[in-house]
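Residues per chain, in single letters:
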Amino acid sequence: MNIAIVGTGYVGLVTGTCFSEMGVDVTCVDINEAKIKALQGGVMPIYEPGLESLVLKNVEAGRLHFTTDLTACLDNVSIVFSAVGTPPDEDGSADLRYVLDVARTVGRSINKYTLLVTKSTVPVGTAQKVKAVIQEELDKRGVTIPFDVASNPEFLKEGAAIKDFMAPDRVVVGIESDHARKLMERLYRPFVLNGYPILFMDIPSAEMTKYAANAMLATRISFMNDIANLCERVGADVECVRKGIGSDTRIGKHFLYAGCGYGGSCFPKDVKALLYTGKENGYTMRVIEAVEEVNETQKSIVFEKVNKLFNNDLKGKIVAIWGLAFKPDTDDMREAPALVVIDKLIKAGAIVKVYDPIAMDECKRRIGNQVEYAKDMYDVVVDADALSLITEWKQFRLPSWKCIKRLMRGNVIVDGRNIYDQEEMENEYFVYSRIG
Ligand SMILES: NC(=O)C1=CN([C@@H]2O[C@H](COP(=O)(O)OP(=O)(O)OC[C@H]3O[C@@H](n4cnc5c(N)ncnc54)[C@H](O)[C@@H]3O)[C@@H](O)[C@H]2O)C=CC1
Ligand SMILES: O=C(O)[C@H]1O[C@H](OP(=O)(O)OP(=O)(O)OC[C@H]2O[C@@H](n3ccc(=O)[nH]c3=O)[C@H](O)[C@@H]2O)[C@H](O)[C@@H](O)[C@@H]1O
């Protein structure tokens, strides 16, 4: 089977690589020439565990190709996936410009039946827009060429993308023709053989499933952050509460970790887009509004705690930060809580020193020399008055507190992800503060 994947970002590159691993011949397409050139030279444009070796292996096997020219590969493929970005517009709605650009190129260039599958996260009704654009282009050409559209939202998480794609809880596919269903059944057969369910449904339901899933996960996080903030005020421990409620199988253990707010390229933007869809349809999504509001406040919580511990006077204080990426195992800093904390610390007059195992270059690209970049996790705490943990990379979990105590000039530790033991920290004579 030959397919093309348009958009070689986190989703497109992982999708293309994983399908090629299953024996499919995949051409990954991107308009970003530098990205394609790098990939052709074996250089990954993103950090994602396990990706590089899988890409190199499948390129070597001749099943994975990279190009900037979608038109040139359309004659050889039966399915085109669109995995381009859908960033938030100013009003919070999903910007469909890139998705519709892909549809336009497909309409202008196909010469035989093609199935265009949208993998990007798009609001209900997008497939119909995609269909209309392709038809418009075919009409302009004066040709009749059969085509279908489908929706196949992606549920992978950054940092665990390969595993999530290869072993999905489910694959959701929205279709409106038997032929499209057969093609998608064939493409996903290796996954079904491995026991992973594929759920076929109508296209609007598939499109909505993606937003509902992300909004539900974001809701759990904001709910727990709300509970954590109350725990702190009433003297309960949110970590005990998390285990207590997570053991109820109706609630489940996952996505119940209180922290310094959710970030990333998806929860923030998808929550906004869902709110917009509600408004557009005369309905206010009140729960989702609260989810967003709680998260906005929560992103400042580490700053608020540090500030309070220094009696609202951070002028000249050195604050070290562990973790910049929006979560561990990625270099992605889109909507990262660290950016909010850094900004507030700088505005309060603090000197900020940062360390992240992978996202240092990304941070430099975003905020330049507003902060000091340390060479490792111990170097960053030298002379610091306070240390704040923002991203729970594994290497931060069991540090040498003896060494840290020697290097810091102060003893304040603010744990934005609740990974340290309160008693141990107090035994080490740290002033320790966590979430909840
Ligand atoms: N990042 C993630 O973990 C997940 C993202 N998604 C969704 O998948 C979509 C893509 O997200 P990412 O991979 O993170 O985006 P990304 O920004 O990493 O990659 C998008 C790529 O599309 C390319 N592109 C834009 N227009 C193009 C065109 N006309 N032709 C060819 N290439 C084009 C860009 O150059 C870029 O390389 C979004 O809708 C996102 O919401 C869904 C699940 C997980
Ligand atoms: O649509 C998307 O792009 C993806 O968005 C999320 O994946 P991702 O953003 O990569 O990462 P998550 O592991 O979900 O973490 C998101 C944020 O929530 C925070 N989080 C997560 C879990 C938790 O219990 N508590 C918590 O604060 C993380 O620190 C992080 O900032 C979803 O988990 C994926 O299923 C989805 O495909």
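Quick caveat, the model's predicted, so the values are computed rather than measured.

### A closer look at the layout of surface pockets
- Its boundaries defined by the atoms lining it, the second largest pocket holds a volume of some 320 Å³.
- In this structure, the second largest pocket is lined by Asn229, Glu232, Arg233, Thr297, Gln298, Ser300, Ile301, Glu304, Lys305, Lys308, Leu309 and Ser433.
- The leading source of residues in the lining of the second largest pocket is helix α14 (residues 301-309), at 5 residues.
- Taken domain by domain, the makeup of the lining of the second largest pocket includes at least three residues from each of domain 2 (211-298) and domain 3 (301-434).

### What to know about the UniProt feature "domain: UDP-glucose/GDP-mannose dehydrogenase C-terminal" (unreviewed entry) in the protein
- Look at the UniProt record and you will see "domain: UDP-glucose/GDP-mannose dehydrogenase C-terminal" (unreviewed entry) annotated at residues 320-422.
- Spanning residues 320-422, this segment combines 26% helix with 17% strand, and its end C-alpha atoms are found 20 Å apart.

### Focus: the nonpolar core
- Grouped together as the largest cluster of nonpolar side chains are 58 residues, with contacts concentrated most on Val306, Ile321, Trp322, Leu324, Leu345 and Trp401.
- Broken down by element, this core gets its largest block of residues, 5 residues, from strand β9 (residues 318-322).
- Mapped onto the domain boundaries, this core takes at least three residues apiece from domain 2 (211-298) and domain 3 (301-434).
- For Leu324, the residues in contact, after removing those within four places along its chain, are Met333, Ala336, Ala338, Ile342, Val354, Asp356, Ala359, Met360, Cys363 and Thr391.
- One finds Leu39, Val117, Leu156 and Tyr188 within the second-largest nonpolar core, a separate group that totals 42 residues.

### Remarks on the site of ligand 1
- Taken together, 27 residues lie around ligand 1, and Val11, Asp30, Lys35, Thr86 and Lys269 are the ones closest in.
- Contact distances for ligand 1 include 2.5 Å between an oxygen atom and a side-chain N or O atom of Lys35.
- Residue Thr121 places a main-chain N or O atom 2.9 Å away from an oxygen atom belonging to ligand 1.
- Compared with its free state, where it exposes 840 Å², ligand 1 has 88% of that area covered by protein.
- Those elements that place two or more of their residues in the shell around ligand 1 are α1 (10-21) and α5 (97-109).
- Ranked by the residues each element gives to the shell around ligand 1, the list is headed by α5, at 3 residues.
- Residue assignment places the shell around ligand 1 across two domains, with domain 1 (2-201) and domain 2 (211-298) each supplying three or more.

### What to know about the site of ligand 2
- Near ligand 2, the surroundings consist of 20 residues, among which Phe155, Leu156, Glu158, Lys210 and Cys266 are the closest.
- A distance of 2.7 Å separates an oxygen atom of ligand 2 from a polar atom in the backbone of Leu156.
- Between an oxygen atom of ligand 2 and a main-chain N or O atom of Gly263, the distance comes to 3.0 Å.
- Contact with the protein chains hides 90% of the accessible area of ligand 2, taken as 700 Å² for the molecule alone.
- Of all the secondary-structure elements, those providing two or more residues to the shell around ligand 2 are α10 (203-234) and α12 (267-280).
- Looking at the shell around ligand 2 element by element, the count peaks at 4 residues for α10.
- Of the residues in the shell around ligand 2, the class split is 11 nonpolar, 2 polar and 7 charged.

### What about the packing of α10 against α12?
- Close contact between α10 and α12 brings their axes to 9 Å; oriented N to C, the two are set at 115°. Between α10 and α12, the crossing angle belongs to the class labelled roughly perpendicular. Seen along the crossing, α10 lies across α12 with a hand that is left-handed. Residue-level inspection shows Met208, Lys210, Tyr211, Asn214, Ala215, Leu217, Ala218 and Ile221 of α10 in contact with α12, the latter providing Phe267, Asp270, Val271, Ala273 and Leu274.
- By residue class, the composition of the contact of α10 with α12 is 10 nonpolar, 1 polar and 2 charged.

### Re the pattern of salt bridges
- Per the counting criterion, the structure on display carries 26 salt bridges.
- In this structure, the salt-bridge partner of Lys57 is Glu21, at a minimum N-O distance of 2.8 Å. Here Lys57 is found in helix α3 (residues 51-60), whereas its partner Glu21 is found in helix α1, with 36 residues between them in sequence.
- As a salt-bridge pair, Lys131 and Glu176 come within 2.7 Å of each other at their nearest N and O atoms. Within this pair, whereas Lys131 is found in helix α6 (residues 126-141), its partner Glu176 is found in the loop between β7 (171-174) and α8 (178-187), the two being separated by 45 residues in sequence.
- The partly exposed category is assigned to Glu176, whose relative accessible area is 38%.

Conventions we followed
- Sequence positions are assigned chain by chain, starting from 1 and proceeding in written order.
- Starting at A for chains and at 1 for ligands, labels are handed out in the order in which the entities are written.
- Where local features are concerned, this predicted model is filtered to residues with pLDDT of at least 70; where side-chain atom pairs are given and counted, the filter is 80 or more; whole-chain, interface and lining totals use all residues.
- No hydrogens and no water enter the side-chain calculation; it runs on all heavy atoms of the structure.
- Only protein atoms enter the 1 Å grid, on which a cavity is a set of points fitting a 1.4 Å probe that cannot get out and a pocket is an open set with protein on both sides within 12 Å along at least 5 of 7 lines, lining residues being those with an atom within 4 Å of a point.
- Grid points are joined across faces, edges and corners, and a volume is the space filled by probe spheres set on the points.
- Only DSSP runs of H or I with at least four residues qualify as helices, and only runs of E with at least two residues qualify as strands; both kinds are numbered from the N terminus onward.
- For the domains described, the bounds stem from an automatic or database domain assignment.
- UniProt positions are given in the numbering used here, feature names are shortened, and annotations may be inferred rather than shown by experiment.
- The term nonpolar core refers to a set of buried residues drawn from Ala, Val, Leu, Ile, Met, Phe, Trp, Tyr and Cys, joined through side-chain atoms within 4.5 Å.
- The cut-offs for exposure are 20% and 50% of the maximum accessible area for each residue type, with area from a 1.4 Å probe on protein chains only; residues under the lower value are buried, those over the upper are exposed, and the others partly exposed.
- The contact definition used throughout considers only heavy atoms, calling two residues in contact when any of these lie within 4.5 Å.
- Any residue with a non-hydrogen atom lying within 4 Å of a molecule or strand is treated as near it.
- Under the rule applied, a polar contact is a pair of N or O atoms within 3.5 Å (in protein, one hydrogen donor and one hydrogen acceptor; residues adjacent in sequence only if both atoms are side-chain atoms).
- All accessibility values rest on the Shrake-Rupley procedure with a 1.4 Å probe; residue burial counts only the protein chains present in the view.
- Side-chain classes are defined by residue name, with Ala, Val, Leu, Ile, Met, Phe, Trp, Tyr, Cys and Pro counting as nonpolar, Asp, Glu, Lys and Arg as charged, and the others, Gly among them, as polar.
- Working convention: axes come from line fits to C-alpha atoms, limited for helices to the stretch in contact. Angles between N-to-C directions cover 0 to 180 degrees.
- The scheme is simple: roughly parallel for angles under 35 degrees, roughly antiparallel for over 145, roughly perpendicular for 65 to 115, oblique for anything else.
- Left-handed describes a crossing whose near helix is turned anticlockwise from the far helix through less than a right angle; right-handed describes the clockwise counterpart.
- Whenever a carboxyl oxygen of Asp or Glu lies within 4 Å of a side-chain nitrogen of Lys or Arg, that contact is scored as a salt bridge.

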